[in-house]
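Given next are the chains, with one letter for each unit.
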Amino acid sequence: MTAVDSACNYWVDSAGEPDVWPVAEGRHDADVVIVGGGFTGLWTAYYLTTLRPELAVTVLEAETVGHGASGRNGGWAIGNLAGLERLIGDLDRTARHAICAQLADNVDEIGRVTAREAIDADFHKGGTLDAAARYPQQVAMQKAHRDALIELGHAPEDCVWLDGPALAERAAFRDGYGAVFFRHTASVHPMKLVLGLARVLAQRGVAISEHSRVRYLAPHHVITTNGAQFNARHIVQATEGYSECLAGLGRRVLSVRSLVIATEPLSEAVWARVGLGDRPTFCDASRVINYGHRSRDGRLVFGARGAYPLGGTPKQDHAITPAEIEMRRRLLLDLFPGLPEDLVVTHGWGGSLGLSRRFRPHAIVDPHTGLATAGGYAGEGVAASHLMGRTTAELIVGEDTPRTRAPWAHADAAIDQVLARWEPEPLRWLAAQTISASYGAEESLLRRGCDGALTRSVMRANDGFAAIIE
Ligand SMILES: Cc1cc2nc3c(=O)[nH]c(=O)nc-3n(C[C@H](O)[C@H](O)[C@H](O)COP(=O)(O)OP(=O)(O)OC[C@H]3O[C@@H](n4cnc5c(N)ncnc54)[C@H](O)[C@@H]3O)c2cc1C
């Protein structure tokens, strides 16, 4: 059953009354101007003012704080990075271990900051049931995934293989053949985190402006659509999957659409059948990504099956159709047989995430132009944006930390040198269609119980695609 038919974001609905920040007007000087009021922009401002409280920092947001992916994601804060293999695969074992320890601590640090700053963002570290195998053919793939995590540098005790019965004790998936339990993942209420962070920044004297879209961005200078002008030593572009209007990132960070639903709060009797007692986040081994978690107020928040729009520009309209909601509701019913057939969905919404051409996150500060940017999280940006925002702030003030020495940090490079351009359309769209058709074919073969040469070769081809884009 679907009780909602348009854009209705559960996180916005349940975050309480947001503060309202003024529209930027007039001419101003600042030390740092940050374009984009999502996690990346806000964390950058948070660490700038932590490290150098005397800095004049301004955040300019085109819509309202949290309008982008930060206010509309699945709420997973993951102690890993999309593209980690590409970032650290060449490092020696000790260095890889040190990076993975940083990534684990990054999640804990979000918990520590929210506690210290009294931001009630429902932070809960319940780990994740990573890529539950729903078909026997996926078991080997998922065990290899666990081996790869450990080879990369994560501790074996943090990546535990659960076989079918052990998995069933934590979550009652239909046909759950096994999953990796990855300890370093927390769930958060992303909108409460965004709003709480903005409040803390305002108390520190950061100037936040909403409905202040930057239309011109150049070294040391930005202009908003209504003519407000800022001169600053550093300009940080933190627009990720919403980078459409600014020349700076153009074809370097592409927008991919992702859709999420939330159910009504479920009864204890239903939860007894579904499991997820310690509120771990979960996803299944499907290539098209079905993921979710149990919210603090007992709902299932569930995202599935993003899509690449021709042109790769973000949608500002986040409406989701009844058919899109119903498709995700059906996927959820298929995933958990303990859910009632008349499961009510109360919220459904979409958002845009950013994909960089080299499929890895980055924090770049160009000392020659004062321009900086961070992003490229590929759908795993809740914790990564904290890490990249912190790194960006440290690079700007010239701190030497484990983060500024990490491979995602670029302290002395032009943005164009680090971020490659995507191929022109329709090549990108055709590639996305091919990959998504191939992923769909695998799903359908597995569902039909096919186990022959065709299934194996489609899975091998998809392993290849996944190695390129994950
Ligand atoms: C549906 C969905 C589900 C997701 N689920 C997860 C998840 O569970 N776990 C996870 O780790 N990651 C997830 N992600 C990814 C994660 O949410 C993002 O990577 C992260 O929030 C990016 O933060 P950001 O601050 O860099 O960008 P955003 O939050 O997108 O912020 C960019 C901001 O820039 C503003 N902006 C754009 N242009 C201008 C301009 N010209 N002037 C001023 N402001 C401008 C936009 O309005 C926007 O508010 C998900 C993303 C989506 C869309």
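Everything below is about the structure printed above this text.
Note that the structure is predicted; figures quoted are calculated from it, not measured.

## What about the packing of aromatic side chains?
Now for step 1: Taken as a whole and judged by the stated rule, the model has ten aromatic pairs.
Now for step 2: Both rings, one in Phe173 and one in Phe336, keep their centres 5.0 Å apart while their planes meet at 25°; by these two values the pair is stacked. You can see Phe173 sitting in the loop between helix H6 (164-170) and strand E6 (178-182) and its partner Phe336 sitting in the loop between helix H9 (322-335) and strand E16 (345-356), a full 163 residues away along the chain.
Now for step 3: Three or more aromatic residues link up through ring pairs in this structure, and these residues are Tyr10, Trp11 and Trp349.
Now for step 4: The cationic tip of Arg294 hangs over the ring face of Trp271; the distance from NZ or CZ to the ring centre is 3.9 Å.
Now for step 5: Between the NZ or CZ atom of Arg357 and the centre of the ring of Trp422, over which it lies, the distance is 5.2 Å.

## Topic: the sheet that holds strand E12 (residues 253-263)
Now for step 1: Pairing is mixed across the open sheet formed by eight strands, whose spatial order is E5-E6-E4-E13-E14-E15-E12-E16. Both edges of this open sheet fall to strand E5 (159-163) and E16, since each of them pairs with a single strand only. Sheet twist, expressed as the average angle between the axes of neighbouring strands with direction ignored, equals 20°.
Now for step 2: Pairing between strand E14 (residues 290-294) and strand E15 (residues 300-304): five bridges, direction antiparallel. If you follow Gly292 over to E15, its bridge partner there is Phe302.
Now for step 3: Docked against the sheet, H9 engages E12, strand E13 (281-284), E14, E15 and E16, running at close to 65° with respect to E12.

## Examining the side chain of His347
Now for step 1: Considering the arrangement of structural elements, one finds His347 in strand E16.
Now for step 2: For His347, a relative accessible area of 6% corresponds to the buried category.
Now for step 3: A distance of 2.7 Å separates polar atoms of two side chains, one belonging to His347 and the other to Asp13.

## Some words on the pairing of E15
In regular strands, side chains alternate between the two faces of the sheet.
Now for step 1: Within E15, five of the five residues are buried, which leaves the element mostly enclosed by the surrounding structure.
Now for step 2: Of the two faces of E15, both are covered, the one formed by Leu300, Phe302 and Ala304 as well as the one formed by Val301 and Gly303.
Now for step 3: The pairing of E12 with E15 spans three bridges and is antiparallel. Residue pairing for E15: Ala262 is matched across the bridge by Val301.

## A closer look at the pattern of salt bridges
Where charged atoms of side chains with opposite charge meet at close range, the side chains can pair.
Now for step 1: Tallied over the full model, the rule gives 28 salt bridges.
Now for step 2: Among the ionic pairs, Arg112 bridges to Asp105, the shortest N-O distance being 2.8 Å.
Now for step 3: Residue class for Asp105 comes out partly exposed when judged on its relative accessible area of 34%.
Now for step 4: We note a salt bridge from Arg299 to Asp297, for which the minimum N-O separation is 3.0 Å.
Now for step 5: Overall, the relative accessible area of 12% leaves Arg299 in the buried class.
Now for step 6: The exposure class of Asp297 is partly exposed, given its relative accessible area of 35%.
Now for step 7: Each of Asp120, Asp122, Lys192 and Arg296 takes part in one network of salt bridges that share partners.

## Describing the packing of helix H2 (residues 39-51) against helix H10 (residues 384-397)
Now for step 1: The contact between H2 and H10 brings their axes to 7 Å, and the two run at 45°. On the basis of their axis angle, the class for H2 and H10 is oblique. Viewed along their axes, H2 and H10 form a crossing whose handedness is right-handed. Facing H2, whose interface residues are Phe39, Thr40, Trp43, Thr44, Tyr47, Leu48 and Leu51, H10 presents Ser385, His386, Gly389, Arg390, Thr392, Ala393, Glu394, Ile396 and Val397.

## Some thoughts on the site of the ligand
Now for step 1: As a matter of local geometry, the ligand sits amid 36 residues, with Thr40, Glu61, Ser70, Gly74 and Val382 nearest to it.
Now for step 2: Within the side chain of Asn73, a nitrogen or oxygen atom sits 3.3 Å from an oxygen atom of the ligand.
Now for step 3: In this structure, a nitrogen atom belonging to the ligand sits 2.9 Å away from a main-chain N or O atom of Trp76.
Now for step 4: Protein burial of the ligand: of its 1000 Å² of free accessible surface, 99% is covered by the chains.
Now for step 5: The set of elements that each furnish at least two residues to the shell around the ligand consists of H2, E12 and E16.
Now for step 6: The dominant element in the shell around the ligand, judged by the number of residues it contributes, is E16, at three residues.
Now for step 7: Among the residues forming the shell around the ligand, the class breakdown is 15 nonpolar, 16 polar and five charged.

## Overview of H2
Now for step 1: In this model, H2 (13 residues) spans 18 Å end to end at C-alpha, consistent with the 18 Å of a helix rising 1.5 Å per residue.
Now for step 2: The element H2 is extensively covered by neighbouring structure, given that eleven of its 13 residues are classed as buried.

## A look at helix H5 (residues 137-152)
Now for step 1: The first and last C-alpha atoms of H5 sit 24 Å apart over 16 residues, in line with the 22 Å expected at 1.5 Å per residue.
Now for step 2: All of the buried residues along H5 are Gln137, Gln138, Val139, Met141, Gln142, Leu149, Ile150 and Leu152.

The rules behind these values
Residues numbered from 1 in each chain as written. Predicted model: local features only at pLDDT ≥ 70, side-chain atom pairs only at ≥ 80, totals over all residues. Heavy atoms only, no water. Phe/Tyr/Trp six-rings, centres within 6.5 Å; stacked < 30°, edge-to-face > 60°. Helix = DSSP H or I, 4+ residues; strand = E, 2+ residues; numbered from the N terminus. Lys NZ or Arg CZ within 6 Å of the ring centre and 35° of its normal. Pairing = 2+ DSSP bridges. Axes fitted to C-alpha atoms, helices over the stretch in contact; angles between N-to-C directions. Contact = heavy atoms within 4.5 Å. Buried < 20%, exposed > 50% of the residue type's maximum accessible area, 1.4 Å probe, protein only. Polar contact = N/O pair within 3.5 Å; in protein donor to acceptor, adjacent residues only side chain to side chain. Salt bridge = Lys/Arg side-chain N within 4 Å of Asp/Glu carboxyl O. Parallel < 35°, antiparallel > 145°, perpendicular 65-115°, else oblique. Left-handed = near helix turned anticlockwise from the far one by under 90°. Near = heavy atom within 4 Å. Areas by Shrake-Rupley, 256 points an atom, 1.4 Å probe, with all protein chains shown as cover. Nonpolar A, V, L, I, M, F, W, Y, C, P; charged D, E, K, R; others polar. Expected span 1.5 Å × (residues − 1).

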